[in-house]
Amino acid sequence: MGSLPPPHVVIFPFMAQGHTLPLLDLSKALLCRGIKVTIITTPSNAPTILQYIPKQPLISLTVIPFPVVEGLPKGCENTSHLPSMDLMPSFLTATMELQQPFERILREMSDTGCLPICVISDFFLGWTLVTCRLFGVPRLVFTGMGVLSMAITKTAWEQKPNLISKSDSDTLDLPGLTLPFALTRADLPDSFRVPDCDDSFHRFISAVGHYDAGSWGVIVNSFTELEGVHVSALESFIENGGKAWCVGPILLYDEMGYGSASDNQLYIQWLDEQAVSGSVIYVSFGSQAHVSDTQLDELAFGLHKSGHRFILVIRSKTWTPPDGLEEISKEKGLIVRDWVDQRRILAHPATGGFLSHCGWNSVLESLSMGVPLLAWPMMAEQRLNAKIVVEGFEVGMCVPFGEKSGLVGREAICDVVRELMGGEKGRKARERVEVVGRMAKKAVQKGGSSDNSLTELIESLSLST
Ligand code: UDP
Ligand code: UDP
């Protein structure tokens, strides 16, 4: 008698680094459990994905062409390549054209008797649910957000008509949610301020919400010790008793190594040279946010003036350090213009703080490594994440936004960096984040809450197919 083939899972990430990377980690976690994984992507995203996944027979990449659509520059197959986030609606429209090739993939799997036990696809690829239903395959949605931020945005979306008439500073009372802080409209993504409910982006997000609701369940990159109290609020948005599966921080399953930074990377060497542990503040705004060059000037001056050592990662192609600042601060700071291995920086003993835009992956990575955050949210649900980090988890502080121009000045940056790295508030946040970091590691260890949840998820899926 031959042994049973391994269960098969199809993973379809959205083409943005922050959405793809955690699903690659999930692929590795599944692989460690003997599951066969097929990842679907497009040609120019394939090389980066191949860098991260192990070369072994149980994991494979299926590449489908990226559609050409009007208004989207050719070759833009990842949101990190968009010249402006204004092009996001065109990008989303383009990804909808992937439905037919996706259907062909599932049809071929069906014809060869290899249908997966589930498809895990990004919430931006909500239409995958329609195709999954055609083949009777359960679809799990991955949003890349935390439990509370998802529960808040979903509840607020239902309340949107009421929210439009509020002012930014009004405290919101969202039914079904017990919040650890006073929430205002200013904490929500910008779309909650826009009264026009008939634009294509609004329609797209509404449709995505319906697809989420009709899915078999939600995969959440978080852990119950951190956000368990909000799980039932989130699950109330899933029909037919579908569950929210907290299986994170997914990055911590990674026993096979992650990223491509070798020890000879300058920034790792530079960190190794630092004599004092926890003395460096790492500054990065993720893979999407565009920070103006004027703001970068203020930031660089502020960091320099704080007297603390720093690594500043810059995506702007036009920014040059003002007045020879790069030279002056060489001893104290490192400016990096490439993709860095963020996790290695955060895990390095020399790193003691993270000035972050609060993308959810960055938040989780910082928590996991026990590094307190200085929150500087930029867009999407990042303001919400910042609030959750500072007032909910109490593992960080927020950059003060006071000036009408939206520019945060060098003095303010200097003061808040000093407070995080050397002040009383920073000390408290550090103590708390170290506790949270230990909980995170425990959650993914054998028998931990997330590890158990992942095992239970696979068992439930294997039984249902
Ligand atoms: N990242 C990285 N190196 C960089 C920039 C980003 O490794 O130079 C990783 C980071 O560790 C995180 C992801 O890219 O896993 C960014 O996701 P996040 O949710 O923090 O922000 P987004 O880029 O989606 O705004
Ligand atoms: N990169 C990487 N891992 C990632 C994302 C990017 O190694 O997860 C590399 C990528 O191959 C490219 C560089 O980092 O060579 C810059 O990537 P980004 O997506 O930021 O593109 P850019 O905006 O610089 O064109």
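Note that the structure is predicted; figures quoted are calculated from it, not measured.

Engineer: Please set out the site of ligand 2 residue by residue, giving values where relevant.
Structural biologist: Surrounding ligand 2, one finds Gln17, Leu21, Thr48, Gln51, Tyr52, Ser80, His81, Arg315, Lys317 and Trp339. Gln51 places a side-chain nitrogen or oxygen 3.1 Å from an oxygen atom of ligand 2. His81 has a polar side-chain atom sitting 3.5 Å from an oxygen atom of ligand 2. When the free accessible area of ligand 2 is taken as 520 Å², the share hidden by the protein chains comes to 65%. Elements represented by at least two residues in the shell around ligand 2 include exactly helix H1 (17–32) and helix H2 (46–52). Ranked by residues supplied to the shell around ligand 2, first place goes to H2 with three residues.

Engineer: Explain the pattern of salt bridges to me, and be specific about the residues and the numbers.
Structural biologist: This structure, assessed with the given rule, holds 14 salt bridges. With a shortest N-O distance of 2.9 Å, Arg383 and Asp190 are connected by a salt bridge. With Arg383 in helix H16 (residues 382–392) and Asp190 in the loop between helix H7 (160–164) and helix H8 (200–214), this residue pair connects regions lying 193 residues apart in the sequence. For Asp190, a relative accessible area of 43% gives the class partly exposed. One salt bridge in this structure joins Glu456 and Lys243, with 3.3 Å as the shortest N-O distance. Placement of Glu456 in helix H19 (residues 449–464) and of Lys243 in strand E7 (residues 243–246) is noted, with a sequence separation of 213 residues between them. Take Lys243: its relative accessible area is 33%, and that puts it in the partly exposed class. Salt bridges sharing partners connect three or more residues here, namely Asp25, Arg343 and Glu365.

Engineer: With reference to specific residues and values, describe the site of ligand 1.
Structural biologist: Around ligand 1, a shell composed of 15 residues is seen, among which Ser287, Val340, Asn361, Ser362 and Glu365 lie nearest. Here an oxygen atom of ligand 1 and a backbone polar atom of Trp360 are 3.5 Å apart. In this structure, an oxygen atom belonging to ligand 1 sits 2.5 Å away from a side-chain N or O atom of Ser362. A total of 530 Å² of accessible area belongs to ligand 1 in isolation, and the protein chains cover 94% of it. For the shell around ligand 1, the secondary-structure elements that each account for two or more residues are H1 and helix H15 (360–368). The element contributing the most residues to the shell around ligand 1 is H15, with four residues. Each residue belonging to the shell around ligand 1 can be placed in one class, and the counts come to four nonpolar, 10 polar and one charged.

Engineer: Which residues make up the packing of helix H12 (residues 293–306) against helix H17 (residues 410–422), and what are the values?
Structural biologist: The axes of two packed helices give the description: the angle between them and the distance between them. Taken N-terminus to C-terminus, the directions of H12 and H17 make an angle of 45°; their axes are 7 Å apart at the nearest point. One element, H12, and the other, H17, form an angle in the oblique class. Of the two possible hands of crossing, H12 and H17 adopt the one that is right-handed. Where H12 approaches H17, its residues Gln295, Glu298, Leu299, Phe301, Gly302, Leu303, Lys305 and Ser306 are matched on the opposing element by Arg410, Glu411, Ile413, Cys414, Val417 and Arg418. When the residues that make up the contact of H12 with H17 are grouped by side-chain class, the tally is six nonpolar, three polar and five charged.

So, how was this worked out
Residues numbered from 1 in each chain as written. Chains lettered and ligands numbered in written order. Predicted model: local features only at pLDDT ≥ 70, side-chain atom pairs only at ≥ 80, totals over all residues. Heavy atoms only, no water. Near = heavy atom within 4 Å. Polar contact = N/O pair within 3.5 Å; in protein donor to acceptor, adjacent residues only side chain to side chain. Areas by Shrake-Rupley, 256 points an atom, 1.4 Å probe, with all protein chains shown as cover. Helix = DSSP H or I, 4+ residues; strand = E, 2+ residues; numbered from the N terminus. Salt bridge = Lys/Arg side-chain N within 4 Å of Asp/Glu carboxyl O. Buried < 20%, exposed > 50% of the residue type's maximum accessible area, 1.4 Å probe, protein only. Nonpolar A, V, L, I, M, F, W, Y, C, P; charged D, E, K, R; others polar. Axes fitted to C-alpha atoms, helices over the stretch in contact; angles between N-to-C directions. Parallel < 35°, antiparallel > 145°, perpendicular 65-115°, else oblique. Left-handed = near helix turned anticlockwise from the far one by under 90°. Contact = heavy atoms within 4.5 Å.

Interpretation note: all reported values are geometric properties and have no functional meaning in isolation.
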